[in-house]
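Coordinate inspection notes
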Amino acid sequence: MASDEKNLDYHEKHASPAASSAEPLPGHVSKRRRFPRFSLAVRQEASTFARSKNASNADFDPIPPSKRTWNWGAYVAYWMADAWAVSNWEVASSMIAVGLDWKMAIGACVLGNTIMGLVITTNGRMGAILHTPFPVLARMPFGYYFAQFVVLSRCVLAIVWLGVQTVTGGQCMSVLLEATWPSFARIPNRIPEDQGITTAGMIGFLLYFLLQLPFLCIPYTKSIIAPMVFLAVFGDTLRRAGGTISKSTVITEGTHVHGSVLAWAFFGNLNGVLGNYATLGLNIADFSRYANKPSAQNVQAIVIPCIFTVVGLLGIFTAASAQTAYGEVMWNPIDIIHKWMDSGSHGGRAAAAFAAIGLIIVTLGINISANSISAANDLMSFAPKYINIRRGQLLAAVIGSWAFVPWKILASAAKFLAFLGGYTIFLGPMTSILIVDYYVIRRGNVSVPDMYYFHGIYRYSPKFASNWRAVVAFFIGCIPPLPGFVNNIVAAGHGTTSVSLGGQHLFAIGYIYSFIAAGVFYYGFNRFFPHTESMMDHPETGEEIIAAHDARNLEERRGSWSEHKPNVVSRMFTV
């Protein structure tokens with residue numbers, strides 16, 4: 001159990017007044033600043049549990065009661081916004097390409113999203129109860145040092161996908177510019193062809209990147225706009241096809257493979273569906289910690305499979321309609337919007353412009369909700385004195401959009417995309433270990449204050465500050481599918497390996513295998529080699545301290561605003 005001396009008295013720990021509340025000198029008239037003054041260290045309220053500013057900040061602390069505002073409707077809106085994405089719209093395309101028919105493709109989507117909905121809801125309950133972000137929760141099973149590896153693994157993935165989504169947003173911006181000014185399409189290209197982007201494409205990418213930055217600081221929702229755009233694309237394509245999809249080969253053709261080949265093709269694509277949101281399955285606590293009560297986030301178990309299945313179905317039906325309407329199967333809605341401008345009519349250009357604006361908003365929302373906030377929480381864990389959520393989002397946007405040259409990744413790096421898709425064999429063990437540790441090993445009896453204390457009960461080893469049980473279980477989960485993972489990367493580059501068919505099949509169920517294997521072994525290690533020093537007979541969330549700290553901060557903030565209320569610009573863009 002956490003010792004009493006670790007739980008410092010609230011009034012002793014926070015007796016010093018906040019720097020922002022210092023009174024001005026007599027006779028001094030302060031000038032009101034239009035823009036906030038920048039400092040390298042983030043503006044901090046005193047942390048609830050951390051001993052120093054190097055360990056936490058207000059964004060990294062447990063969410064106080066005044067900020068727990070997400071009800072079940074907020075989670076429905078969150079997933080409504082996230083599901084309506086180009087990648088989810090196209091999810092069945094790869095399945096049909098490897099020999100599945102459209103019904104089996106939808107079956108894989110339903111099963112995969114149902115499993116992932118249960119994983120996300122189960123893992124999310126931790127955040128809804130403890131109100132701490134994922135990087136802090138990871139310290140509980142992994143220890144302080146190995147948790148940094150877990151967080152870094154998740155962070156890199158979020159940043160890369162942020163850059164890839166920015167490329168998609170740049171393509172939508174190019175469509176908007178071309179619909180508004182047709183001469184935009186005739187801009188001469190000055191960029192070498194091997195770079196994977198044209199001059200016009202780079203202009204669209206740059207403009208979208210600049211547009212994205214302020215939205216990282218201003219919360220908003222796109223849950224209504226996103227389905228309107230995609231439904232408009234589906235409705236118009238179906239109209240052009242004469243209101244029928246029955247003539248398309250997408251609907252009429254059956255499976256192209258049979259027997260065990262068909263079964264493994266199904267499992268491989270099921271694994272792909274699971275991998276689509278395995279990242280959020282791991283770090284959903286970054287969002288569930290805002291729940292106003294633990295049961296608020298349970299709706300995700302129903303919402304995720306329902307919404308993602310609808311989006312996948314509409315993607316299939318739109319692609320089928322496009323074959324009749326345009327003479328070819330078109331999975332990407334951006335390509336369909338391009339067709340609207342072929343006639344050269346003002347109506348077609350206007351429709352394309354509005355659809356492009358809608359898709360720009362869609363990609364903005366995905367980058368904020370699924371990528372930038374997750375990456376920001378991860379980056380914040382490495383330097384909480386200097387990085388808060390806003391700074392983390394901006395830093396992730398710059399790194400993901402420019403340092404990783406995402407346009408080149410999409411254009412030529414098939415191996416890299418295969419690497420990103422197969423990364424689930426590492427995410428599965430991490431998620432499983434976290435769930436087993438909280439629900440099975442500790443039965444919810446954890447100490448939140450010790451998660452913020454480097455020398456607390458979750459240090460495990462004085463020298464390595466890691467839990468060997470979690471480390472070994474993690475490698476047991478991810479090493480066996482590793483040869484198949486390598487084969488998948490090489491095959492994406494049209495190469496061959498000597499990996500056996502069994503190794504390839506194990507990778508086809510990589511997420512399921514790694515999740516189950518790591519969880520079982522982690523339980524076994526704790527059953528026979530328990531770490532008794534970190535076991536507790538009751539939870540220690542520090543809720544009373546958090547509530548008192550929240551009340552004090554609110555009072556100080558009201559007092560500060562009564563003397564000098566910051567303007568709208570300052571409140572939105574203070575970093």
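- Named according to an unreviewed UniProt entry, the protein is Uracil permease originating from Karstenula rhodostoma CBS 690.94.
- For the protein, the Subcellular location (unreviewed entry) comment in UniProt is given as "Membrane".
- As stated in UniProt under Sequence similarities (unreviewed entry), the record for the protein gives "Belongs to the purine-cytosine permease (2.A.39) family."

Observations regarding the side chain of Thr166
- Following the sequence through the fold, Thr166 ends up in helix 8 (residues 144-180).
- A polar contact is formed between the side chain of Thr166 and the side chain of Asn367, at a distance of 3.1 Å.
- Once residues within four sequence positions are removed from consideration, Thr166 is found in contact with Phe205, Tyr208, Gln212, Asn367 and Ser401.

Here's the deal with the environment of Leu231
- Topologically, Leu231 is positioned in helix 10 (residues 225-240).
- With 84 residues separating them in the primary sequence, Leu231 and Gly315 have C-alpha atoms 9.9 Å apart.

Things to note about the environment of Asn367
- Assignment of secondary structure puts Asn367 in helix 17 (residues 346-382).
- By relative accessible area, Asn367 is classed as buried at 1%.
- Separated by 201 residues in the primary sequence, Asn367 and Thr166 place their C-alpha atoms 7.6 Å from one another.
- Each residue touching Asn367, except ones within four places of it in the same chain, is listed here: Trp161, Leu162, Gln165, Thr166, Tyr208, Gln212 and Ser372.
- Within the structure, Asn367 has its side chain in polar contact with the backbone oxygen of Leu162 (distance 3.2 Å).

Section: the nonpolar core
- One finds Trp79, Phe142, Met451 and Tyr458 to be the most contacted residues of the largest nonpolar core, which totals 129 residues.
- Here this core takes 18 residues from helix 8, the largest share from any one element.
- Once you skip the residues sitting within four places of it in the chain, Tyr458 turns out to touch Arg139, Met140, Gly143, Tyr144, Arg442, Val446, Ser447, Asp450, Met451, Ser534 and Met536.
- Among the nonpolar cores identified, the runner-up in size contains 22 residues, and Ala92, Met95, Ile245 and Trp331 belong to it.

What to know about the confidence of the model for the protein
- Scored by pLDDT, the protein has a mean of 88; 90% of the residues are at 70 or more.
- The low-confidence segment residues 1-30, where pLDDT is below 50, has 37 contacts with residues more than four positions distant or belonging to other chains.

Here we look at the packing of helix 9 (residues 199-215) against helix 18 (residues 389-403)
- In contact at an axis separation of 11 Å, helix 9 and helix 18 are set at 170° when each is read in the N-to-C sense. By the criterion of interaxial angle, the relationship of helix 9 to helix 18 is roughly antiparallel. When helix 9 is examined against helix 18, the residues Met202, Phe205, Leu206, Phe209, Gln212 and Leu213 are found in contact with a partner set consisting of Leu394, Ala397, Val398, Ser401 and Trp402.
- Residue classes in the contact of helix 9 with helix 18 are distributed as nine nonpolar, two polar and no charged.

Side note on the packing of aromatic side chains
- All told, the structure shown has 36 aromatic pairs when counted by the stated rule.
- Summarising the aromatic geometry, the rings of Trp84 and Phe230 are spaced 6.0 Å apart at their centres and angled 35° between planes, so their arrangement reads as tilted. Taken as a pair, Trp84 in the loop between helix 2 (72-83) and helix 3 (86-89) and Phe230 in helix 10 lie far apart in primary sequence, 146 residues in all.
- Since its relative accessible area comes to 5%, Trp84 is described here as buried.
- Look at Phe230 and you get buried, because its relative accessible area is 1%.
- Ring centres of Tyr144 and Phe454 lie 5.4 Å apart, and the angle between their planes is 50°; this geometry places the pair in the tilted category. Taken together, the residues Tyr144 in helix 8 and Phe454 in the loop between helix 22 (448-451) and helix 23 (468-478) connect sequence positions 310 residues apart.

Topic: helix 16 (residues 333-340)
- Every buried residue of helix 16 is listed here: Pro333, Ile334, Ile336, Ile337 and Trp340. Buried residues of helix 16 fall within an arc of 155° about the axis and therefore sit on the same side.
- On its buried face, helix 16 sits against helix 3, helix 8, helix 10, helix 15 (300-326) and helix 17.
- Looking at where helix 16 begins, the residue whose side-chain oxygen comes 2.9 Å from the main-chain nitrogen of Ile334 is Asn332.

What counts and what doesn't
- Residues numbered from 1 in each chain as written.
- Predicted model: local features only at pLDDT ≥ 70, side-chain atom pairs only at ≥ 80, totals over all residues.
- Heavy atoms only, no water.
- UniProt positions renumbered as here; feature names shortened; annotations may be inferred.
- Helix = DSSP H or I, 4+ residues; strand = E, 2+ residues; numbered from the N terminus.
- Polar contact = N/O pair within 3.5 Å; in protein donor to acceptor, adjacent residues only side chain to side chain.
- Contact = heavy atoms within 4.5 Å.
- Buried < 20%, exposed > 50% of the residue type's maximum accessible area, 1.4 Å probe, protein only.
- Core = buried A, V, L, I, M, F, W, Y, C linked by side-chain atoms within 4.5 Å.
- pLDDT = per-residue confidence, 0-100.
- Axes fitted to C-alpha atoms, helices over the stretch in contact; angles between N-to-C directions.
- Parallel < 35°, antiparallel > 145°, perpendicular 65-115°, else oblique.
- Nonpolar A, V, L, I, M, F, W, Y, C, P; charged D, E, K, R; others polar.
- Phe/Tyr/Trp six-rings, centres within 6.5 Å; stacked < 30°, edge-to-face > 60°.
- Arc of directions from axis to C-beta.

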